[in-house]
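Residue-level structure breakdown
Listed below are the residues making up each chain.
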Amino acid sequence: MALPPKTDEAFLREVDEELRRDQLAGFWTRWGLWVAVAVVAALAVLGGFLYWQHRQAEAAGVEGEQLQAAYNSLAANNVSAASKSLGELAGSSRDGYRALAMFTQADILLQKNDLKGAAQKFATVAADTSLAKPFRDLALIRQTSAEYDTLKPQVVVERLRPLAVPGGPWLGSAGEMVGVAYIRLNQRAQAGTLFGQVARDPNVPDTIRQRAVQMAGVLGVDATPNATPIEVSK
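Let us look at the structure shown here.

Rules of the game
- Residues numbered from 1 in each chain as written.
- Predicted model: local features only at pLDDT ≥ 70, side-chain atom pairs only at ≥ 80, totals over all residues.
- Heavy atoms only, no water.
- Helix = DSSP H or I, 4+ residues; strand = E, 2+ residues; numbered from the N terminus.
- Buried < 20%, exposed > 50% of the residue type's maximum accessible area, 1.4 Å probe, protein only.
- Contact = heavy atoms within 4.5 Å.
- Areas by Shrake-Rupley, 256 points an atom, 1.4 Å probe, with all protein chains shown as cover.
- Axes fitted to C-alpha atoms, helices over the stretch in contact; angles between N-to-C directions.
- Left-handed = near helix turned anticlockwise from the far one by under 90°.
- Phe/Tyr/Trp six-rings, centres within 6.5 Å; stacked < 30°, edge-to-face > 60°.

Looking now at the overall build of the protein chain. Across its full length, the protein chain carries nine helices and zero strands. Tracing the protein chain from N to C terminus, the helices and strands come up as α-α-α-α-α-α-α-α-α. Taking all 234 residues of the protein chain together, the buried fraction comes to 32%. A fraction of 48% describes how many contacts in the protein chain between residues 6 or more apart in sequence connect residues 24 or more apart. Carbon and sulfur atoms make up 59% of the accessible area of the protein chain, which totals about 14900 Å².

Structure (structure tokens):
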């Protein structure tokens, strides 16, 4: 005898639900242990990552205090204590602290008139491709400044010309050194043009701009703010 329609639908739903329960039970019987292992592993990885972040923050705080202590030692003329801390920070895995430590080490050498040693420190920073470009560019400028008197003018031009561009952050410092190198190479037109660009850039420090105005004038270039800029010949 056939089941009434409603009873038939209820029966089918009951069979379907029972089948799902059996499938679920079979899944957990077969895979339950591995799922549990995967969940535990994921939680362990997450916990490890959070712990690593915490340790990184703690270590960064310690190195920040160490750098400040070095600066305090320098302010108190205790170069020996500062040098010890800076030596440790110069090997840091954190780019910012490593760069600042090496810059400061180089400055200490400059104070001792050790231009060669300072230039080597700056060169190390300039060659460290793991550092951000502004760090490396500044280090290259300061390296060139430290060894300027020993470099051939063409070396200065080739090294710093990419940084001596209008609107660039290093136009003042790099442009001044490249301009003098041009004069030594008897390339007065290029020197005058570059000094004019330096003099007209409002972002260049005033002291450098004033010198650039004077140099541009000597070289026959109008360095007033409204003067039409001229590109430097490559």
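Having seen it, we continue.
Moving on, we get to the packing of helix H6 (residues 153-160) against helix H7 (residues 171-184). Across the interface, H6 lies against H7 with an axial gap of 8 Å and an inter-helix angle of 145°. Crossing handedness for the pair H6 and H7: left-handed. Within the contact between the two elements, H6 uses Pro 153, Val 156, Val 157 and Leu 160 and H7 uses Ala 174, Met 177, Val 178, Ala 181, Tyr 182 and Arg 184.

Within this structure, the stated rule accounts for one aromatic pair. A ring pair is formed by Phe 103 and Phe 122, whose centres lie 5.8 Å apart and whose planes are at 50°; its orientation type is tilted. Residue Phe 103 is located in helix H3 (residues 95-111), and its partner Phe 122 is located in helix H4 (residues 115-127); the two are separated by 19 residues in the primary sequence. Pair check on accessibility: Phe 103 and Phe 122 agree, each one buried.

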